[in-house]
Amino acid sequence: MKLKSQINNAIKDAFDKAGIDHEPMSVSEATKPEFGDYQFNGAMALAKKLGKNPREIANDIIDHLELGKVVTKAEVAGPGFINLWLNPLWIASQCETAHSDERLGVGKHENPIKVVVDYSGPNMAKQMHVGHLRSTIIGDTLANLLTFLGDEVIRQNHIGDWGTQFGMLIAYLEETGTDGSVCLRDLEQFYKDAKKRFDEDENFANKAREYVVKIQSGDIHCLNLWQKFIDISLGHCEDVYSKLCVKLTRDDVKAESFYNEDLPQVIEDLVKQDLLKESDGAQCVFLEGEEIPVIVQKGDGGYLYATTDLAALRYRANVLGAKRISYVVDARQAGHFKQVFKVAKESGFVPKDVRLEHVAFGTMMDKSGRPFKTRDGGTVKLIDLLDEAVVKAKEAIKERENYSSKEIEEIAHIVGIGAVKYADLSINRESNYIFDWDKMLSFEGNTSLYMQYAYARIQSIFRRFDGKIKGDILIGDMLEHRLAVMLLRFEDVLRRAAEDAAPNQITTYLYELVTLFMRFYEQNPILKEGVDEATKMSRLQLADLTAKTIKQGLELLGIQVVDRL
RNA sequence: GCACUCAUAGCUCAGCUGGAUAGAGCAUCGGUUUGCGGUACCGAAGGUCACAGGUUCGAAUCCUGUUGGGUGUACCA
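Just so we're clear, the structure is a prediction, and the values are computed from it rather than from any experiment.

Procedures and definitions
- Residues numbered from 1 in each chain as written.
- Chains lettered and ligands numbered in written order.
- Predicted model: local features only at pLDDT ≥ 70, side-chain atom pairs only at ≥ 80, totals over all residues.
- Heavy atoms only, no water.
- Axes fitted to C-alpha atoms, helices over the stretch in contact; angles between N-to-C directions.
- Helix = DSSP H or I, 4+ residues; strand = E, 2+ residues; numbered from the N terminus.
- Left-handed = near helix turned anticlockwise from the far one by under 90°.
- Contact = heavy atoms within 4.5 Å.
- Nonpolar A, V, L, I, M, F, W, Y, C, P; charged D, E, K, R; others polar.
- 1 Å grid on protein atoms, 1.4 Å probe; cavity = no way out; pocket = protein on both sides within 12 Å on 5 of 7 lines; lining within 4 Å.
- Points joined across faces, edges and corners; volume = space filled by probe spheres on them.
- Buried < 20%, exposed > 50% of the residue type's maximum accessible area, 1.4 Å probe, protein only.
- Arc of directions from axis to C-beta.
- Pairing = 2+ DSSP bridges.
- Near = heavy atom within 4 Å.
- Polar contact = N/O pair within 3.5 Å; in protein donor to acceptor, adjacent residues only side chain to side chain.

Undergrad: Could you clarify how one ought to interpret the packing of helix H17 (residues 448-465) against helix H21 (residues 533-556) in this entry?
TA: Relative placement of two packed helices is described by the angle separating their axes and the distance separating the axes. At a closest axis distance of 10 Å, the pairing of H17 and H21 adopts a crossing angle of 140 degrees. Along this stretch, H17 crosses H21, giving a crossing that reads as left-handed. Judged by residue contacts, Met-451, Gln-452, Ala-454, Tyr-455, Ile-458, Gln-459, Ile-461, Phe-462 and Phe-465 of H17 engage Lys-536, Met-537, Leu-540, Ala-543, Asp-544, Thr-546, Ala-547, Ile-550, Lys-551 and Leu-554 from H21. Its residues assigned to classes, the contact of H17 with H21 comprises 13 nonpolar, three polar and three charged.

Here it is, written out as structure tokens:
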């Protein structure tokens with residue numbers, strides 16, 4: 001449920017009744033439990049406009065505030081804060097509603113839109129490396145989240161399948177004469193070998209360049225080889241996606257080469273708009289206030305990154321009909337996107353009302369704060385990192401229970417991958433992120449393990465209980481009250497996280513929820529002797545709703561839970 | 001050089017449209033237990049929010065400048 005807007009409605013109502021002709025600002029969560037559940041700080045802001053003192057205004061609002069159903073108590077504090085307490089009976093009934101609902105009471109957008117989320121985008125010439133991790137999981141989370149909230153999400157995996165390097169690879173494929181599937185098993189090595197030949201042998205390099213031309217001119221033999229290469233390489237990516245529990249499939253692939261045919265048209269249309277200028281032999285768009293132009297066609301006639309992106313943008317806006325297009329790409333490309341978005345809007349390729357956003361993220365660093373590399377300075381393959389995560393997870397959990405060997409494989413996978421993803425998603429995406437195995441695989445603090453542990457602990461309550469839950473939710477003490485309010489905040493949190501494309505808002509919420517639940521559970525026994533039936537039933541429901549919220553929250557992040565841990 | 005971005009506790013990070021005494025976790029120190037899963041919970045200590053101005057009733061948050069780090073800077077993607 002949209003908790004905040006319910007309270008805002010009450011305030012708005014009081015404004016109207018008090019004759020205050022202003023749109024009230026939104027309430028916010030109370031900063032401390034002593035200050036109630038929510039607070040309204042708008043009285044101070046209005047003081048100057050209305051020429052009254054803020055406490056007077058606050059009192060005026062309170063006098064006209066309808067107390068009872070939703071808000072049960074309101075107090076003016078300090079210079080003019082209004083502290084609001086929610087009605088425990090109402091909270092309880094709302095939790096019951098959420099508990100009986102598959103979606104936990106989370107509504108869908110009233111006006112759903114089509115959203116394109118562009119993420120992952122691996123290069124087909126190489127294996128996926130750690131540099132692809134953040135884009136892949138942040139993008140997947142955003143896609144999951146918007147889908148859950150009712151938007152029509154179109155995932156787009158803009159794979160790099162075109163360019164000079166493919167000429168090199170195909171030339172090497174020809175030269176070695178080996179069957180593609182064998183020699184491509186280790187794509188990374190194959191690329192390195194080909195690159196070495198390219199750098200060392202002039203004849204080979206020329207041949208590689210010839211192949212580029214051949215592919216581009218549609219030579220059947222070369223295209224077949226190229227296609228085979230892409231298929232195998234994409235297969236590698238799919239292994240990673242499946243291991244990562246990311247929902248990208250082949251249907252979501254819309255490769256760079258898909259836009260090839262449209263590129264001349266892009267140039268032509270820019271000419272029609274009178275946006276193009278030649279500069280040093282290249283075709284450029286000069287934007288106002290920008291130091292450097294956007295080059296859309298090279299001196300030799302070739303097209304660039306920007307050209308393809310323009311083609312992709314207009315395809316997404318006009319053919320797919322997206323109203324929001326989100327690029328989940330490294331922050332270093334901020335300049336590029338700023339310019340390309342500008343050109344897209346100015347040229348009319350993308351209508352003005354379409355929201356174009358660069359969902360930027362920082363670089364992954366090692367524990368000492370340097371860019372994440374292998375010992376010898378190479379890039380870390382993503383698949384190796386994920387395998388290591390599973391091995392480490394096994395180490396972390398093996399002492400806990402008597403797992404069968406099959407169980408431990410499954411659980412270690414869920415725990416290990418979850419740890420890697422959660423650690424990444426739980427920090428503000430824009431800052432650089434320090435990758436630390438020990439921290440992410442800890443049961444303590446804001447980690448996936450702590451969440452999964454809390455979830456498993458609640459499941460164990462239900463294994464012991466083994467009955468049927470009935471009766472009402474009763475809010476008895478302060479911690480129950482706070483837990484219930486926290487549970488009801490779920491939708492507000494998801495909506496804001498979706499709006500800001502900020503997964504860490506979800507993890508922060510989950511961590512607060514779990515912490516609160518642990519405290520509640522410590523203090524409020526459920527199955528112990530002496531707990532009366534009605535209280536037990538009520539607390540079981542709160543526990544169950546908590547578990548379901550954890551599960552749903554983690555699911556949006558692409559992280560699974562286990563019943564035993 | 002110019003542009004963008006960041007700077008919060010020893011470390012890793014929260015901090016939403018400006019709001020009350022700036023919050024967590026780790027690490028440190030102390031406490032809770034015949035334990036519904038103690039890898040839990042409670043508490044203590046720890047901050048000039050880089051620095052200096054400004055706007056405001058009110059600034060970690062907005063503006064300007066300074067310092068320090070990162071990134072980008074026309075025919076790669």
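Continuing now.
Undergrad: I tried to follow the layout of surface pockets on my own but got confused; where do I start?
TA: It is a probe the size of a water molecule, rolled over the atoms, that shows where empty space is left. For the largest pocket, the calculated volume is near 1200 Å³. In this structure, the largest pocket is lined by 41 residues; those nearest its centre are Gly-160, Trp-162, Gln-165, Glu-256 and Tyr-305. Secondary structure elements with two or more residues in the lining of the largest pocket: helix H6 (164-176), helix H9 (202-216), helix H12 (305-319) and strand S10 (324-330). Top contributing element to the lining of the largest pocket by residue count: S10, with four residues. Of the residues belonging to the lining of the largest pocket, the class tally is 14 nonpolar, 19 polar and eight charged.

Undergrad: What is the right way to read helix H11 (residues 263-272) from this model?
TA: Owing to its 3.6 residues per turn, the α-helix brings residues three or four apart onto one side. Looking only at H11, the buried set comprises Leu-263, Val-266, Ile-267, Asp-269 and Leu-270. With its buried residues spanning 165 degrees around the axis, H11 presents them on a single face. Of the residues one or two after H11, Asp-274 is the one with positive phi, at around 65 degrees.

Undergrad: Help me out: how do you make sense of the sheet that holds strand S11 (residues 355-361) in this one?
TA: The four strands lie next to each other as S6-S5-S10-S11, forming an open sheet whose pairing is parallel. Strand pairing shows two members of the sheet lacking a second neighbour, strand S6 (152-156) and S11, which therefore form its edges. With direction set aside, neighbouring strand axes in the sheet form an average angle of 20 degrees. Pairing geometry for strand S5 (residues 114-118) and S6, over five bridges, is parallel. By the bridge assignment for S6, Asp-118 is matched with Gln-156. Contacts from H12 reach S5, S6, S10 and S11 within the one sheet, and its direction differs from that of S10 by about 145 degrees. Against the sheet, helix H13 (residues 334-346) engages S10 and S11, with an angle of about 175 degrees to S11.

Undergrad: Sorry, what's going on with the sheet that holds strand S9 (residues 294-297) here?
TA: Strand-to-strand pairing in sheets goes through backbone hydrogen bonds, with the strands running parallel or antiparallel. In space, the three strands of this open sheet follow the order S7-S8-S9, with antiparallel pairing throughout. Both outer strands of the open sheet, strand S7 (276-279) and S9, are each paired with one neighbouring strand and no more. Pairwise comparison of adjacent strand axes, ignoring direction, gives a mean angle of 45 degrees for this sheet. In terms of strand pairing, strand S8 (residues 282-285) meets S9 through three bridges, oriented antiparallel. Each residue of the ladder has a partner; that of Gln-283, found in S9, is Gln-297.

Undergrad: Help me understand empty space enclosed by the protein, please; the structure alone is not making it clear to me.
TA: By the definition in use, this model includes four cavities of 30 Å³ or more. When its volume is computed, the largest cavity comes out at roughly 60 Å³. Forming the walls of the largest cavity are Met-1, Ala-98, Leu-104, Val-106, Leu-487, Leu-488, Phe-490, Glu-491, Leu-545 and Thr-549. Of all the elements in the fold, those that place two or more residues in the lining of the largest cavity are helix H18 (478-488), helix H19 (490-500) and H21. Considering only residue class, the lining of the largest cavity consists of eight nonpolar, one polar and one charged.

Undergrad: Is there a simple way to think about the environment of Ala-334 in this case?
TA: For Ala-334, the location among the structural elements is in helix H13. Each C-alpha atom of the pair Ala-334 and Thr-508 lies 26 Å from the other, and the pair is 174 residues apart in sequence.

Undergrad: Hey, could you run me through unusual backbone geometry in this one?
TA: Trans is the common state for peptide bonds, and a negative phi is the common state for residues other than glycine. Positive phi, normally seen in glycine, also occurs at Leu-104, with a value near 55 degrees. Topologically, Leu-104 is positioned in the loop between helix H4 (88-99) and S5. Of the residues examined, Leu-104 reaches a relative accessible area of 8% and is grouped as buried.

Undergrad: Sorry, what's going on with the protein's contact with RNA strand B here?
TA: Taken together, 63 residues are adjacent to RNA strand B, and Lys-48, Phe-81, Ile-295, Lys-298 and Arg-400 come closest. Counting only the atoms of RNA strand B within 4 Å of the protein, the fraction contributed by sugar and phosphate is 56%. In this structure, a base nitrogen belonging to RNA strand B sits 3.2 Å away from a main-chain N or O atom of Ile-526. Leu-527 is positioned such that a nitrogen or oxygen atom in its backbone is 2.8 Å from a base oxygen of RNA strand B. Secondary-structure elements contributing two or more residues to the surface near RNA strand B are strand S1 (28-29), helix H2 (42-50), strand S4 (81-86), S8, H17 and helix H20 (503-523). In terms of residue class, the surface near RNA strand B is made up of 26 nonpolar, 16 polar and 21 charged.

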